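# Coordinates in review
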Amino acid sequence: MKFKPTREQLLCILVGFFFALILFLKQDRGTVTELKRPGYGEEAKVYELIVKDENGRDTEVSLTVSGMAYSEERLREIYPEIAGMIPELIKGENESLSHVTRPLNLIFGTEMYPGISIKYKSGDPTVLGSDGKIGELTDYDEHPLYLSVTLSNGGYEETYDFPVTVIRDDGAASPKSFMERISDMAGEIDTLTISDDTYILPIELDGQRLRFKYKTDLSPLIMIALGVAAAVMLMLKPREDEKKRKKERENELLLDYSELVSKLLIYIGAGLTIRNAFERIGGEGDGRALYEEINILNRNLSNAIPEGEAYMQFARSCGPRCYIRLASILEQNRKTGDSSVIAALELEMEEAFEQRKNTAKRLGEEAGTKLLLPLMISLVTVMVIVVIPAIMKMN
């Protein structure tokens, strides 16, 4: 059988190729010349890039760009200014560092100069700890000492000693690979440009020109595969729709069977023949599958097809076994007369109503099961909306 794709399938494939082309062009032309450096005091950021040499080889590299840092000349100006503010900033509830009776309120950085860390070292940890807490004072009322404060940023640091008087207060080997050489050179550039707001990527290594671009997890082939997959799904859709229609028709016939038996029992009990009863029932049709099949049965009877054969064709066309059983009852009545058909139809009606009840119960359970998937999708969507922003905020 020759396969001929539909317009919808061709459209899916073309859309897949279109997005694949866009992704390919973006990857090919998306040359990166500079990277954004994190601000003062911020953590280093790792960029996943692909570097291409003159031979066209692509190599994945991870470049770490440190946060901005002050130049040494600038730090020589900043450190004395911060040191001048330290005694007032860390005295806490004390009058001054020359009269310390309560723990110091040590700070480890300033908002004015982010990225500069402050460390402390006490000259006598038994009297004043490096965390600013006062130790046990037993021998003297006053305990003079020096508190060393070290200011650092990057590799440059300076230490200042502040006199503090604590007063007792009874009340208180092998060659490096290409990726390793790239990383080494990137580290050198990161150190040299630590005070700049951008990180300029190297354009050459060992005489080879380099081109960087952002690494992406998507491949053009994935877009093409998605387009082909959508086309295949569209090809299978008519078959699934046909199966669904057949299933719905079968359920409809099962639900209407009890109504058919009930009407036959009423009309035959009123004195009509089986043939006339079917003609009367067919005239009451409302477009449901059962009445369409009854009208076909009436046309077959009008075309001089034997009743027994027409009833069996009607049962086989309907499908469910209960209709085969009804056709057998009608055929038996045609051979033996109308004496026993009323009793047989009464028994059949009881079974038909029981079957209708079971069918309705099964359809209700299936409907409940089908609702689980939308409910799960809604739950996952809500969780994603709530959790992802929380995770991003934590990061």
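See the structure printed just above.
Below: a short report on this structure.

## Side note on the sheet that holds strand β5 (residues 117-122)
- With antiparallel pairing, the three strands of this open sheet are ordered in space as β5-β6-β7. The outermost strands of the open sheet, each flanked by one partner alone, are β5 and β7 (156-167). If you compare each strand with its neighbour and ignore which way they point, the axes differ by 25° on average.
- As defined by bridge partners, strand β6 (residues 142-153) adjoins β7 across 12 bridges and the pair is classed as antiparallel. Bridge pairing in β7 places N153 opposite Y156.

## What to know about the sheet that holds strand β3 (residues 45-52)
- The four strands are arranged β1-β11-β3-β4 in an open sheet whose pairing can be described as antiparallel. Sheet topology places β1 (31-32) and β4 (58-65) at the edges, where each strand pairs with a single neighbour.
- Its contacts with the sheet place helix α3 (residues 178-192) against β3, β4 and β11 (211-214), and it is angled at close to 30° to β4.

## Thoughts on the packing of helix α5 (residues 274-282) against helix α6 (residues 289-302)
- Here α5 crosses α6 at 135°, and the two axes come no closer than 9 Å. Classified by the angle between their axes, α5 and α6 sit oblique to one another. Note that α5 runs across α6; the crossing there is left-handed. Of α6, the residues touching α5 (which contributes R275, F278, E279, I281 and G282) are Y291, I294, N295, L297, N298, L301 and S302.
- Among the residues forming the contact of α5 with α6, the class breakdown is six nonpolar, four polar and two charged.

## Focus on the side chain of N94
- Within the element layout of this structure, N94 appears in the loop between α2 (72-90) and β5.
- For N94, a relative accessible area of 4% corresponds to the buried category.
- A polar side-chain atom of N94 sits 2.7 Å from the main-chain amide nitrogen of T101.
- Look past the residues within four positions of N94 in its chain and what remains in contact with it is H99, V100, T101, R102, P103 and L104.

## Examining the pairing of β6
- Here β6 lies mainly inside the structure; nine of its 12 residues are buried.
- Sheet analysis places β5 next to β6, joined by six bridges and oriented antiparallel. In the strand pairing of β6, K121 is matched with S148.

## Topic: the pattern of salt bridges
- For the structure shown, the criterion picks out 11 salt bridges.
- We note a salt bridge from E93 to R102, for which the minimum N-O separation is 3.8 Å.
- Taking relative accessible area as the criterion, E93 reaches 66% and is therefore assigned exposed.
- A salt bridge links R288 to D256; its shortest N-O distance comes to 2.7 Å. Residue R288 is located in the loop between α5 and α6, and its partner D256 is located in helix α4 (residues 220-269); the two are separated by 32 residues in the primary sequence.
- Overall, the relative accessible area of 5% leaves D256 in the buried class.
- Within this structure, R325, E348 and E351 form a network of salt bridges that share partners.

## Description of the packing of helix α7 (residues 307-318) against helix α8 (residues 321-336)
- For the pair α7 and α8, the least separation of the axes is 8 Å and the interaxial angle reads 170°. In terms of axis orientation, α7 runs roughly antiparallel to α8. Across the interface between the two elements, E307, G308, Y311, M312, F314, A315, R316 and C318 from α7 touch Y323, I324, A327, L330, E331 and R334 from α8.

## A few points about the nonpolar core
- In this structure, L260, F278, Y323 and L345 are the most contacted members of the largest nonpolar core, which totals 33 residues.
- Listing elements by their share of this core, those giving two or more residues are α4, α5, α6, α7, α8 and α9 (341-370).
- Per-element accounting of this core gives the leading share, nine residues, to α4.

## A word on α2
- The end-to-end C-alpha distance of α2 is 25 Å, a good match for the 27 Å that 19 residues give at a rise of 1.5 Å each.
- For α2, the principal kink sits at G84 and spans about 30°; a proline, P87, occurs within the next four residues.
- The set of residues buried in α2 consists of L75, I78, Y79, I82, A83, I86 and I90.
- Contact partners of the buried residues in α2: β5, β6 and β7.
- In the segment just after α2, G92 is the residue with positive phi, at about 65°.

## Considerations on the layout of surface pockets
- Estimated volume of the second largest pocket: approximately 150 Å³.
- Breaking the lining of the second largest pocket down by element, the ones donating at least two residues are α4 and α9.
- Along the lines of polarity and charge, the residues of the lining of the second largest pocket split into two nonpolar, one polar and five charged.

## Quick look at the environment of V51
- When you line up the elements, V51 lands in strand β3.
- Using a relative accessible area of 0% as the deciding quantity, one classes V51 as buried.
- Sequence separation between V51 and V61 is 10 residues, and the spatial gap between their C-alpha atoms is 7.1 Å.
- Among all residues touching V51, those that are not within four sequence positions of it are R57, D58, T59, V61, F178, L210, R211 and F212.

Rules used in this analysis
- Residues numbered from 1 in each chain as written.
- Predicted model: local features only at pLDDT ≥ 70, side-chain atom pairs only at ≥ 80, totals over all residues.
- Heavy atoms only, no water.
- Pairing = 2+ DSSP bridges.
- Helix = DSSP H or I, 4+ residues; strand = E, 2+ residues; numbered from the N terminus.
- Axes fitted to C-alpha atoms, helices over the stretch in contact; angles between N-to-C directions.
- Contact = heavy atoms within 4.5 Å.
- Parallel < 35°, antiparallel > 145°, perpendicular 65-115°, else oblique.
- Left-handed = near helix turned anticlockwise from the far one by under 90°.
- Nonpolar A, V, L, I, M, F, W, Y, C, P; charged D, E, K, R; others polar.
- Buried < 20%, exposed > 50% of the residue type's maximum accessible area, 1.4 Å probe, protein only.
- Polar contact = N/O pair within 3.5 Å; in protein donor to acceptor, adjacent residues only side chain to side chain.
- Salt bridge = Lys/Arg side-chain N within 4 Å of Asp/Glu carboxyl O.
- Core = buried A, V, L, I, M, F, W, Y, C linked by side-chain atoms within 4.5 Å.
- Expected span 1.5 Å × (residues − 1).
- Bend = angle between axes of the 7 residues up to and from the residue.
- 1 Å grid on protein atoms, 1.4 Å probe; cavity = no way out; pocket = protein on both sides within 12 Å on 5 of 7 lines; lining within 4 Å.
- Points joined across faces, edges and corners; volume = space filled by probe spheres on them.

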